[in-house]
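# Breakdown of the fold
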Amino acid sequence: MSEIRPFPNAPQIRINPRLILSVLIGLFLAVGIFSGVYQVPAESVAVVQRFGGYLKTENPGLHFKLPWGIDSVTLVEILRQQKLEFGFGTAGATNRYQFSDYHEQEGEKTMVTGDLNTALVEWVVQYHIGDPVAYVFNFREPVPTLRDLSQAVMREVVGDRTVDEVLTIGRQEMETKCADRLRELVAALNMGVHIDQIQLGNINPPADVQASFSDVNRAKQEKESAINTASGNYNQIIPKARGEAEQKIKGAEGYAAKRVNEAEGDAARFKAVLAEYVKAPEVTKKRLYLETMGEVLSQVPGKVILDDKASSFLPLMNLRQVEPQPQPAPATR
């Protein structure tokens, strides 16, 4: 029997092994080249690892690494300030560890104070990465670890204070204490993270006692307002009274000094007159008489001074003209 071939007129396909190998090698090299090129953003650095071990740190720009898993790159944002939110969450966050879900937020902000009361504390931790190598290699999950440390530090600080301090006057001190304590921990653990600051948000009592606490705060505010008003009135009235008293005292002292000086002057003048009188009593007596009469007679109107030897002073009396008396008007009928 003759062999029957299907499609006897079909062209025969010849396979070139060298061409296929060349194409595969070219694709392999192209994939390697394209996968080895990477870009580092301006606010980041690249921690390069070779077979899992640290190789180098690259600055922003275009770089090349060995492909096919030989080199791996971890981008670390070192120039960006990041934050962690506790007890609440801001929508649109790019960091998936920035805040936890709603159920965990309730547990985060519920804390027990030193006097065994409960307070709802919200806060924010702002930080940036200072050592990218330590950040990548020292902890498998550095940000969740930082969240746990932040919660532990805040609970420690809140637990050392009364509920009144936590809710009212202790905010700034708590922020400073928490930041210092957290910096000590991240430095001791060499996490590669620098804590910029800690900001306390809303601090409220539990919902069951919030109304009562609001009443207490309102009473305290009214008390402070009354004290401030009284202090203002005191500062306004007392200095004015002191100034008036000081003015009167100065006036009295001035009047006293004036009277003393006048008395001393009169005494000195009297002593001087007495000394001259002792030297020439008649002359002094006559001078004093003339001065006294001059002062007295200068105040007397219409005076006439005559010589004691004059025989008569009647002719001198007509020196003053007699004014005519007005005539009475005739009576009318």
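The structure displayed is predicted, hence computed values, not measured ones. (Residues numbered from 1 in each chain as written. Predicted model: local features only at pLDDT ≥ 70, side-chain atom pairs only at ≥ 80, totals over all residues. Heavy atoms only, no water.)

### Section: the overall build of the chain
What the chain contains, in helices and strands, is 8 helices and 9 strands. Of the contacts made within the chain by residues no fewer than 6 positions apart, 66% connect residues no fewer than 24 positions apart. (Helix = DSSP H or I, 4+ residues; strand = E, 2+ residues; numbered from the N terminus. Contact = heavy atoms within 4.5 Å.)

### Focus on helix 2 (residues 102-109)
Along helix 2, the positions that sit buried rather than exposed are Gln105, Glu108 and Lys109. Taken down its axis, helix 2 places every buried residue within 80° of arc, on the same side. Contacts made by the buried residues of helix 2 are with strand 6 (82-86), strand 7 (110-112), strand 8 (118-129) and helix 4 (142-159). (Buried < 20%, exposed > 50% of the residue type's maximum accessible area, 1.4 Å probe, protein only. Arc of directions from axis to C-beta.)

### A look at the pairing of strand 3 (residues 53-58)
Bridge count between strand 2 (residues 44-50) and strand 3: 5 bridges; the pairing is antiparallel. Each residue of the ladder has a partner; that of glutamine 49, found in strand 3, is tyrosine 54. Between the antiparallel neighbours strand 2 and strand 3 lie 2 residues, among them phenylalanine 51 with a positive phi of about 55°. (Pairing = 2+ DSSP bridges.)

### What to know about the sheet that holds strand 2
Taken in spatial order, the 3 strands make up an open sheet running 3-2-5, and their pairing is antiparallel. Either end of the sheet is taken by a strand with one partner, and the two such strands are strand 3 and strand 5 (71-77). The average undirected angle you get between the axes of adjacent strands in this sheet is 25°. (Axes fitted to C-alpha atoms, helices over the stretch in contact; angles between N-to-C directions.)

### Re the confidence of the model for the chain
The predicted model of the chain has a mean per-residue pLDDT of 84, with 84% of residues at 70 or higher. When pLDDT is averaged over each element of the chain, helix 3 (residues 132-137) comes out on top at 96 and helix 1 (residues 17-36) at the bottom at 72. (pLDDT = per-residue confidence, 0-100.)

### Quick word on a nonpolar patch on the surface
Together, Leu19, Ile20, Val23, Leu24 and Leu27 line one region of the surface with nonpolar side chains, adding up to about 470 Å² of accessible area. In this structure, leucine 19 sits in helix 1. (Patch = residues over 30% accessible without salt bridge, like charges linked within 9 Å, V, L, I, M, F, W, Y side chains within 5 Å. Areas by Shrake-Rupley, 256 points an atom, 1.4 Å probe, with all protein chains shown as cover. Salt bridge = Lys/Arg side-chain N within 4 Å of Asp/Glu carboxyl O.)

### A closer look at the pattern of salt bridges
Scanning the model with the defined rule gives 14 salt bridges in all. For the salt bridge of glutamate 156 with arginine 181, the shortest nitrogen-to-oxygen distance reads 3.9 Å. Linking glutamate 156 in helix 4 with arginine 181 in helix 6 (residues 171-189), this pair joins segments that are 25 residues apart in sequence. The class for arginine 181 is partly exposed, based on a relative accessible area of 31%. A salt bridge links glutamate 262 to arginine 259; the nearest nitrogen and oxygen atoms lie 3.1 Å apart. Highlighted residues: glutamate 262 and arginine 259, both in helix 7 (residues 210-279), separated by 3 residues, approximately one helical turn. On the basis of relative accessibility, which here comes to 32%, the residue glutamate 262 falls in the partly exposed class. A relative accessible area of 46% places arginine 259 in the partly exposed class. What you see here is one network of salt bridges that share partners, running through Glu106, Lys109 and Glu122.

### Digging into the environment of lysine 56
Tracing the chain through its elements places lysine 56 in strand 3. Judged by its relative accessible area of 34%, lysine 56 is partly exposed. Reaching out from lysine 56, the side chain makes a polar contact with the side chain of glutamate 58 at a distance of 2.9 Å. (Polar contact = N/O pair within 3.5 Å; in protein donor to acceptor, adjacent residues only side chain to side chain.)

### Thoughts on the packing of helix 4 against helix 6
One can describe the packing of helix 4 onto helix 6 by two numbers: an axis separation of 9 Å at closest approach and a directional angle of 140°. If you check the angle between helix 4 and helix 6, you find them oblique. Judged by the twist between their axes, the crossing of helix 4 over helix 6 is right-handed. On helix 6, the residues touching Leu146, Leu149, Ser150, Val153, Met154, Glu156, Val157 and Val158 of helix 4 are Met174, Lys177, Cys178, Arg181, Leu182, Leu185, Val186 and Leu189. (Parallel < 35°, antiparallel > 145°, perpendicular 65-115°, else oblique. Left-handed = near helix turned anticlockwise from the far one by under 90°.)

### So, the packing of aromatic side chains
Scanning the model with the defined rule gives 2 aromatic pairs in all. Ring centres 6.0 Å apart and planes at 90° place the aromatic pair tyrosine 54 and phenylalanine 137 in the edge-to-face group. Of this pair, tyrosine 54 sits in strand 3 while phenylalanine 137 is found in helix 3, placing the two residues 83 residues apart along the sequence. With a relative accessible area of 41%, tyrosine 54 lands in the partly exposed category. Considering the side-chain rings of phenylalanine 86 and tryptophan 123, the 4.5 Å spacing of their centres and the 5° angle between planes classify their relative orientation as stacked. Of this pair, phenylalanine 86 sits in strand 6 while tryptophan 123 sits in strand 8, and the two are 37 residues apart along the sequence. The burial state of phenylalanine 86 is the same as that of tryptophan 123; both residues are buried. Positioned above the aromatic ring of phenylalanine 86, the side-chain terminus of arginine 147 is 4.3 Å from the ring centre. (Phe/Tyr/Trp six-rings, centres within 6.5 Å; stacked < 30°, edge-to-face > 60°. Lys NZ or Arg CZ within 6 Å of the ring centre and 35° of its normal.)

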